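Observations on the model geometry
So the chains spell out like this:
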Amino acid sequence: MALFPYTAEVRAFVNSNSYDIDTILTNPLLERVREKGKERVISSLREMKLGEQGLYNEEECRVEILAYVVSRMIASVIGDRFLINRLAVTEGKIASQRLTGDFGYMLLPLADEFGISPRPEGTDYSLDFASFLRYSSKMRSPEWKLLYQRVQGGRVVVDRHRLIRLVEQAVTDHLSERLPPYTDAIKNALEREIGEVVRILEDIKKEFQRDAFGEISPEKYPPCMREILRQIQNSENVPQMGRFAIVTFLHAIGMTAEQIFDTFSSVPDFRADRTRYQIEHITGKISSTEYSVPECSTMKSYGICFKPDALCARDWMKHPLTYYRQKGKKPITSSRRQQPGKQR
Amino acid sequence: MAAAQQSVPQELLFAARQFASYYGSHPVAEVPGFSSREFGFMFFDRGYVHRHVGFNDRADLQKYLAGKAPSHAYYSTAYYEMPAAHTMAEKGWLGADLIFDLDADHVKGSEGLPYEKMLARVKEEMIRLYDDFVCSDLGFSEKETEIVFSGGRGYHIHVYADSVRKLGSHERREIVDYITATELDLGILFSSTVVDEARSGRPLKMTKLPEISEGGWYGRARRAMDSLLLELQSVPKEEALAMLVSSGVKKQQAARLYSALFEEGRKDRIQTESVLEVLTDREEDIRAFTALVQKRTVLTMAGQTDEPVTSDTHRLIRLPGSLHGKSSLKVVTLKRDELTDFEPLRDAVADFPDHPVTVYSEKAFLSEPVGGESVPVKEGANEIPLRTAIFLILRRKVRLQPPGGTG
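Computed from a prediction, not measured in an experiment: that's the story for all the values here.

Next up on the list: the overall build of chain B. Along the backbone of chain B there are 17 helices and 16 strands. The C-alpha radius of gyration computed for chain B amounts to 27 Å, which surpasses the reference 22 Å derived for 407 residues by more than 25%, pointing to a less compact arrangement than a globule. Out of the 407 residues in chain B, the part that is buried amounts to 52%. Carbon together with sulfur atoms contributes 51% to the accessible area of chain B, which is approximately 19000 Å² in total.

A few words now on the overall build of chain A. Helix and strand counts for chain A come out as 16 helices and four strands. Within chain A, residue pairs in contact and separated by at least 24 positions form 73% of the contacts whose partners lie at least 6 positions apart. Counting only carbon and sulfur atoms, one obtains 50% of the accessible surface of chain A, whose full area is about 17200 Å².

Attention now moves to the environment of B:R315. Residue and element names in this part refer to chain B. Relative to the elements of secondary structure, R315 occurs in the loop between α14 (307-311) and β11 (316-318). Taking relative accessible area as the criterion, R315 reaches 31% and is therefore assigned partly exposed. In this structure, the C-alpha to C-alpha distance between R315 and A78, residues 237 residues apart in sequence, is 7.1 Å. When residues no more than four places from it in sequence are discounted, the contact partners of R315 are Y75, S76, T77, P308 and V309.

Per-residue confidence for chain A gives a mean pLDDT of 82; residues scoring 70 or more make up 85%. Scored below 50 in pLDDT, residues 332-344 of chain A shows nine contacts in the model against residues more than four places distant or in partner chains.

Before going further, it helps to examine the packing of helix α3 (residues 31-47) of chain A against helix α4 (residues 58-78) of chain A. Residue and element names in this part refer to chain A. Running from N to C, α3 and α4 point in directions that differ by 60 degrees, and their axes come no closer than 7 Å. For the element pair α3 / α4, the angle class is oblique. The crossing of α3 and α4 is right-handed. Packed against α3, whose contacting residues are R32, V33, R34, K36, G37, K38, R40 and V41, the element α4 presents E60, V63, E64, L66, A67, Y68, V70, S71 and I74 at the interface.

Looking now at the sheet that holds strand β12 (residues 332-334) of chain B. Residues and elements named next belong to chain B. One open sheet accounts for four strands, arranged β6-β8-β7-β12; its pairing is antiparallel. This sheet does not close on itself; its edge strands, each paired only once, are β6 (98-103) and β12. For this sheet, the mean inter-axis angle between neighbouring strands, taken without regard to orientation, is 25 degrees.

Our next topic: the packing of aromatic side chains. For the structure on display, the rule yields 25 aromatic pairs over all chains. Taken together, a centroid distance of 5.8 Å and an interplanar angle of 80 degrees make the contact between A:F129 and B:F140 edge-to-face. Here A:F129, found in helix α7 (residues 129-136), pairs with B:F140, found in the loop between α5 (115-137) and β7 (145-149), and the two come from separate chains. Summarising the burial analysis for this pair, A:F129 and B:F140 share the class buried. An aromatic cluster of at least three residues, connected via ring pairs, comprises B:F34, B:F39, B:F41, B:F55, B:Y64 and B:Y75. Across from the ring centre of B:Y218, 3.7 Å away, lies the NZ or CZ of A:R150, which sits over that ring.

Residues and elements named next belong to chain A. Here α4 spans 31 Å end to end across 21 residues, near enough to the 30 Å set by a 1.5 Å rise per residue. Among the 21 residues in α4, 15 count as buried, and that is most of the element. Remark: G79 follows α4 within two positions and exhibits a positive phi of approximately 65 degrees.

Let us look at the interface of chain A and chain B. You'll often see interface size given as the accessible area lost when the parts meet. The partner chain B presents 31 residues to the 31 residues of chain A that form the contact. Each partner contributes to the roughly 2600 Å² buried at the junction of chain A and chain B, and carbon and sulfur atoms together form 58% of this total. For the chain A face of the interface with chain B, the top three residues by lost area are A:L147, A:Y148 and A:R150, together amounting to 25%. For the pair chain A and chain B, the number of links is three salt bridges. The salt bridge partner of B:D177 is A:K145, with a shortest N-O separation of 2.9 Å. Where chain A meets chain B, there are 13 residue pairs in polar contact (both at pLDDT 80 or more).

Conventions we followed
- Going along each chain's sequence as written, the residues are numbered from 1 onward.
- The order in which chains are written sets their letters, starting at A; the order in which ligands are written sets their numbers, starting at 1.
- For this predicted model, a pLDDT threshold of at least 70 governs which residues receive local features, and a threshold of 80 or more governs which side-chain atom pairs are given and counted, while totals over whole chains, interfaces and linings are taken from all residues.
- Excluding hydrogens and water, the side-chain figures rest on all heavy atoms present in the structure.
- Only DSSP runs of H or I with at least four residues qualify as helices, and only runs of E with at least two residues qualify as strands; both kinds are numbered from the N terminus onward.
- Based on C-alpha atoms, the radius of gyration is set beside the globule rule, defined as 2.2 Å times the residue count to the power 0.38.
- Throughout this description, buried means an accessible area under 20% of the type-specific maximum (1.4 Å probe, protein chains only), exposed means over 50%, and partly exposed covers the range between.
- Only the protein chains shown count as cover for residues, and the accessible areas themselves come from Shrake-Rupley with a 1.4 Å probe.
- Between two residues, a contact is recorded if the distance between any of their heavy atoms is within 4.5 Å.
- A score between 0 and 100, pLDDT records how confident the predictor is in each residue.
- Interaxial angle, 0 to 180 degrees, is taken between N-to-C directions of lines fitted to C-alpha atoms, where a helix line uses only the stretch in contact.
- When describing relative orientation, an angle under 35 degrees is termed roughly parallel and one over 145 degrees roughly antiparallel, while 65 to 115 degrees is termed roughly perpendicular and anything else oblique.
- Throughout, a crossing is termed right-handed when the near helix is turned clockwise from the far one, and left-handed when it is turned anticlockwise from it by less than a right angle.
- When DSSP finds at least two bridges between two strands, those strands are taken to pair.
- A pair of aromatic rings is counted whenever rings of Phe, Tyr or Trp (Trp by its six-membered ring) have centres within 6.5 Å, and the orientation is called stacked for planes under 30 degrees apart, edge-to-face for over 60 and tilted otherwise.
- Only lysine NZ and arginine CZ atoms are considered, and such an atom sits over a ring when it is within 6 Å of the ring centre and within 35 degrees of the ring normal.
- Given the number of residues in a helix, its expected span is that number minus one, multiplied by 1.5 Å.
- Buried area is calculated as the accessible area (1.4 Å probe) missing from two parts once they are joined, with the contributions of both summed.
- Salt bridges are identified by distance alone: a Lys or Arg side-chain nitrogen within 4 Å of an Asp or Glu carboxyl oxygen.
- N or O atoms closer than or at 3.5 Å make up a polar contact, with two conditions inside protein: a donor-capable atom paired with an acceptor-capable one, and, for residues adjacent in sequence, both atoms drawn from side chains.

So, in structure tokens, the structure goes:
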């Protein structure tokens, strides 16, 4: 229950144990809860994690659940979209990791919680196309389009991996859309915690603006992206997945929509309207969803992993952005030295 | 007010009187969620939609129709907390029915046809939209849906299922893209795996073709491929080559593809093994073949529907049972089996009193068969049945005054 603290069961638990807002905010015995709630926010801001979680006994779990409630109160009072989204995305990612790992048995109950109600079909699942759309429409990668689903009798079939991704999105949406109400009581009682979060939030926003990837350097592009760019510039017919990959990639390394547009516009039979729409579609929408560059395995299965080189062949090389980060750096010796924030 | 009235042509005042008396004795259809709907109207003497009207019950609506005789009556596909409020924020959107719209203006192949033929063409497309997409793929039952003849140049499908009510514009556009196969890319449907050939060092692609029975565009693309192969096989070689070239395949490529498929027997292998690469190891030929199948899939199987109508979650749509102010035809709700034989000019003609009216025409013509019979109209004065007269008046083909008369 403490692992997925946004269920109806948890809400009932919090209510039934007479943890009214006032107790959570002021009871001296719950100081640890407030501290952990703050940590939960800070750690999701800094590294998209939820902080230390013991969860070995009932007491630990209770603390964790209440800490979750506090983290939501802090986010609500601060009311910053970046913060709220980041918290929501973190909770979603953590849910996804847990569902992929030891807590797979929670997948169906959690899906039901968000109205997805999947039906197991062999190793896959089928779900109502409207519930699929509700969450898949946030994902801009073409493979999530309804057009590419096996739609039959109103149902869509997805594998387990995709169902987990949909539930992750459901958690994220749910948390970014619904927040506990703002009250002055919360603001006053959590003044110290809120102050600390706000300072860290400002720092992190500044850091983000400085652009994590620094100057754009084409010589660090992975071979797949170079090849897709070359094909585009030679007006070869680049498949949709390839166009999606290059746009998300250029966007991720810091190009603006306008710069990406310019990169394409040198092409002789360039179709301005369509290209602009696609670029804006992928980069322009500010939402709680992050559009990620397809990972190497996805690139391979769409046949757009072109000319892999020695760096691509490394065991840990699973993502075009990892290539971009690593290229030109000293080779990493220990696999522990990963960049924070990106899944391995 | 008086000045505005004077500029209204006689004909429109006449039509308004007929509409008013019609509504006095013909109740419009029931609308699910009636009190949560916004209503909107156009009038014969005004050029804009009077929106944000709400009614407590059908009797109130009926009184309004009979009293004001609007030329067009609409209701919102959306449900609102306060349907009569003037801003969207105040209205409080609660959800919307899913709507599909097919109109002669958008249906390919209906351009320039006479009214009846044009409507027949739209109906054909409508049946496909309803059977293949709305029912078969999207899984809606007859109970959850209504087919509506718009009284003008097209048809609508209303889907009342709870599951779709909360869908936003973006999600609805996804449904349209699905139906119309917008930007369909077979590279995504035909998933290929890269088999690393250790010895040659060259990555080999293997593309698995979908089976006919697979859902959505997977099965469709396969059916399109199979029918293309069948068609190419059933004509003489020269003709097949010409077909390939006219679909954009280069001459030499067409020759290579043809001989691989039909002279080396690879057509059967592709179909039994369902692997694209058995066709040839020339990648450019595989690409050309895939592009061919893609074109064929879209051309023969894509549905049509008007995108903005479906994606707009605040749209006003014609009220079933009301009259269309540019044709006088009834907006008619249909069951699927009624659609097949539905003839608007026979089945959507409103029940106006059966008496003749004198109308004037500038030239002789044969009227559309309103109510089943075409009426020959000659130059000058004609005495014709009221239902035909209103139809022709609203379509601006005849007048109530002789030419040169005022009005």
